[in-house]
Amino acid sequence: MTPETLHSVFEASLNQLEVSDPSRTLRSEAMASFNKLGYPTKKHENWRYTDLKPIVKAKLDPTPKSLTTDQIKQSNRLLETSLLDADAARLVLVDGVPLSNAQTLSDIQGLTILGHKQTWQRIGELQSMELFQRHPLAALNTAFASSGILIKLSENTNVEQPLHLVFISTQTTNKATQPRILIDIGAGSKLTIVQHFIGEDSVANWTNLVTQITQSRESQLTIYRFQEYGNEQFHTELLDAKIAQDAKLKLGYVDLGGKLVRNDVQVNLAEPGAACEIFGVFLATQGQHVDNHTRIDHTAPQTTSREAFRGIIGEHGRGVFNGKVIVHRGAHGADAQQSSDNLLLSEHAEIDTKPELEIYTDDVKCAHGATVGELDAEQLFYIRSRGVDEDTAKGLLTFAFANDVLRRIEVPEVRERVASCVAGQLPDYENWGGLL
């Protein structure tokens, strides 16, 4: 799927899409930006450890298609076995297309889910060439997104029940889907969203997601993102957020599946008192590549950020973490803490970690650090001295390393399911018994 191929497909498909003239203009501008920049390559500093050639060389179809009966049946089967909470309000997207008959959203007061037309109006308000220059894949998403969802929460509304967004990749191979999610949180409001990515094993598709968030003053938004695709899936995504005065954003990332995964997070603490917390756990083994790139801009005084990622890299896996915090001029009183801790389970495991701080003002409190190591020999000896075999002991210590971050997930059903899935990929899990 070379840039030249994409351009030809875009020109051929544009007239087939049922889009308004403003939407057509936005798509054309985005495609022109992508044509100019192309795919990011390892020559770009932010992509020096991640190579998109497997996606470029793959013969993928970026044009939207209507869902078939077989796709809907596959999706329903996956939902039955994979839902984090069967009773949760949810929206389901199958190969990037909303599945209306799988929606179980109740009439939640103050929460509105808007469709295609309103979403593109909002995209037009948010669209910027600067975003495309930093993230060419976001331009590609804008050009090819067949549908979008705008989640809008009114002022002074507290939604206690989490909203689940389920993204399904079906057995229909060689698809490049471009979901677009917009989230607007009103002043003084509170919402929790759970993003769950699932798919069949050995299916080579690409999901290229863009989520854009706008939070008004004193609002609170929590997003837990759990990715457990099959082992051949490509996944790239950008989350871009702008946080107003005294508003708080909490993001939790867990990556277990996928062949090539790249997560970009861009948060602008735009007004005094704005705060964000970002944490994540990722596992990579047997040829998996997981890359987390974050950027937090402290552009206003008295802003706060907390960031903690933990990577577990197994046999022939590779992990990447690059977290950049920028404290801009005039952002006095900024408080930023960042950590990247990584565990290598094999001599063939690889991790590249690079926490960064750029500070352009005085009177700030900032710190960052990174660790890379193996399991602690003394702790391993202690557990084995209690009659636990070596493989089980290694699995338990590895789970404890991950669970220190996973316990930050405040939705019990999600935390328990995620913890169970993480444990299930660790050594000798089937023999742990009641040791946890």
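One structure accompanies this document, and this report is about it. Predicted model, so just to flag it, every value in this text is computed and none were measured.

Attention shifts here to the packing of aromatic side chains. Tallied over the entire structure, the rule returns six aromatic pairs. With centroids separated by 5.3 Å and ring planes inclined at 85 degrees, the aromatic side chains of Phe 34 and Tyr 39 adopt a geometry described as edge-to-face. Tyr 39 carries the same exposure label as Phe 34, and that label is buried. Members of the aromatic cluster, joined through ring pairs, are Phe 167, Phe 197 and Tyr 229. Positioned above the aromatic ring of Trp 47 is the side chain of Arg 262, whose terminal nitrogen or guanidinium carbon lies 3.7 Å from the ring centre. Sitting above the plane of the Phe 401 ring, Arg 310 keeps its charged end 4.7 Å from the centroid.

For the structure shown, the criterion picks out four cavities of 30 Å³ or more. Here the second largest cavity defines a volume of roughly 100 Å³. Lining the second largest cavity are 15 residues, and of these His 135, Leu 137, Glu 237, Leu 238 and Asp 264 lie nearest its centre. Residues that form the lining of the second largest cavity fall into these classes: eight nonpolar, three polar and four charged.

Now for the pattern of salt bridges. If you walk through the whole model with that rule in mind, you get 24 salt bridges. Notably, a salt bridge pairs Lys 175 with Asp 95, separated by 3.7 Å at the nearest N-O pair. Here the residue Lys 175 occupies a position in the loop between strand E5 (163-169) and strand E6 (176-177), and Asp 95 occupies one in the loop between strand E1 (89-94) and strand E2 (97-98), the gap between them amounting to 80 residues. Comparing Lys 175 with Asp 95, the two get one shared label, buried. In this structure, Arg 318 and Glu 350 form a salt bridge, with 3.6 Å as the shortest nitrogen-oxygen distance. With a gap of 32 residues between them, Arg 318 in strand E17 (residues 318-327) and Glu 350 in strand E19 (residues 350-359) connect regions that are remote in the sequence. Residue classification places Glu 350 among the partly exposed positions, given a relative accessible area of 38%.

What follows deals with the environment of Ser 128. Within the secondary structure, Ser 128 is located in the loop between helix H5 (116-126) and helix H6 (129-134). Ser 128 gets classed as partly exposed once you look at its relative accessible area, which sits at 28%. Note: C-alpha distance between Ser 128 and Ile 185 (57 residues apart in sequence) is 21 Å.

The subject of this paragraph is the sheet that holds strand E12 (residues 248-255). Read across the sheet, ten strands follow the order E2-E1-E5-E8-E10-E12-E14-E16-E18-E20 without closing on themselves; strand pairing throughout is mixed. The two strands at the open ends of the sheet, each matched to only one other strand, are E2 and strand E20 (365-373). By the bridge criterion, nine bridges tie strand E18 (residues 335-344) to E20 in an arrangement that is parallel. Considered in E20, the bridge of Leu 343 is made with Gly 373. Across the sheet, helix H9 (residues 390-406) lies against E12, strand E14 (275-284), strand E16 (304-313) and E18, angled at about 160 degrees from E16, the strand it touches most. Running over the sheet, helix H10 (residues 412-424) touches E5, strand E8 (190-199), strand E10 (220-228), E12 and E14 and is turned about 30 degrees from E10.

With 17 residues, H9 should cover 24 Å at 1.5 Å per step; its first-to-last C-alpha distance of 24 Å lies within 8% of that length. Within the sequence span of H9, burial applies to Thr 392, Ala 393, Gly 395, Leu 396, Leu 397, Thr 398, Phe 399, Phe 401, Ala 402, Asn 403, Val 405 and Leu 406. Contacts from the buried residues of H9 go to E12, E14, E16, E18, helix H8 (377-384) and H10. Of the residues flanking the start of H9, the one acting as N-cap is Asp 389, its side-chain oxygen 3.2 Å from the backbone nitrogen of Asp 391.

Conventions we followed
Along each chain, numbering runs from 1 in the same order as the chain's sequence is written. Per-residue local features are limited, in this predicted model, to residues with pLDDT of at least 70; the limit for side-chain atom pairs, both in listing and counting, is 80 or more; totals at the level of whole chains, interfaces and linings are taken over all residues. Computation of side-chain values covers all heavy atoms of the structure but excludes hydrogens and water. Geometry of aromatic contacts follows a simple scheme: Phe, Tyr and Trp rings, the Trp one being its six-membered ring, pair when their centres are within 6.5 Å, and the pair is stacked under 30 degrees between planes, edge-to-face over 60, tilted otherwise. Each residue's exposure class comes from its accessible area (1.4 Å probe, protein chains only) as a fraction of the maximum for that residue type: buried when under 20%, exposed when over 50%, partly exposed otherwise. The rule for a charge over a ring is simple: NZ of Lys or CZ of Arg within 6 Å of the ring centre, and within 35 degrees of the ring normal. Method remark: on a 1 Å grid restricted to protein atoms, a set of points is classed as a cavity if a 1.4 Å probe fits but cannot get out and as a pocket if it is open with protein on both sides within 12 Å along at least five of seven lines; lining residues have an atom within 4 Å of a point. Grid points are joined across faces, edges and corners, and a volume is the space filled by probe spheres set on the points. Amino acid classes used here: Ala, Val, Leu, Ile, Met, Phe, Trp, Tyr, Cys and Pro are nonpolar; Asp, Glu, Lys and Arg are charged; the rest, including Gly, are polar. Salt bridge criterion: a side-chain nitrogen from Lys or Arg within 4 Å of a carboxyl oxygen from Asp or Glu. Secondary structure counts use DSSP, requiring at least four H or I residues in a row for a helix and at least two E residues in a row for a strand, with both numbered from the N terminus. We call two strands paired when DSSP finds no fewer than two bridges between them. For this analysis, residues touch if any pair of their heavy atoms sits within 4.5 Å. Note on geometry: axes are C-alpha line fits, over the in-contact stretch for helices, and angles between N-to-C directions span 0 to 180 degrees. A helix's residues, less one, multiplied by 1.5 Å, set its expected span. Any pair of nitrogen or oxygen atoms within 3.5 Å is treated as a polar contact; in protein, a donor-acceptor pairing is required on top of that, and neighbouring residues in sequence qualify only through side-chain atoms on both sides.

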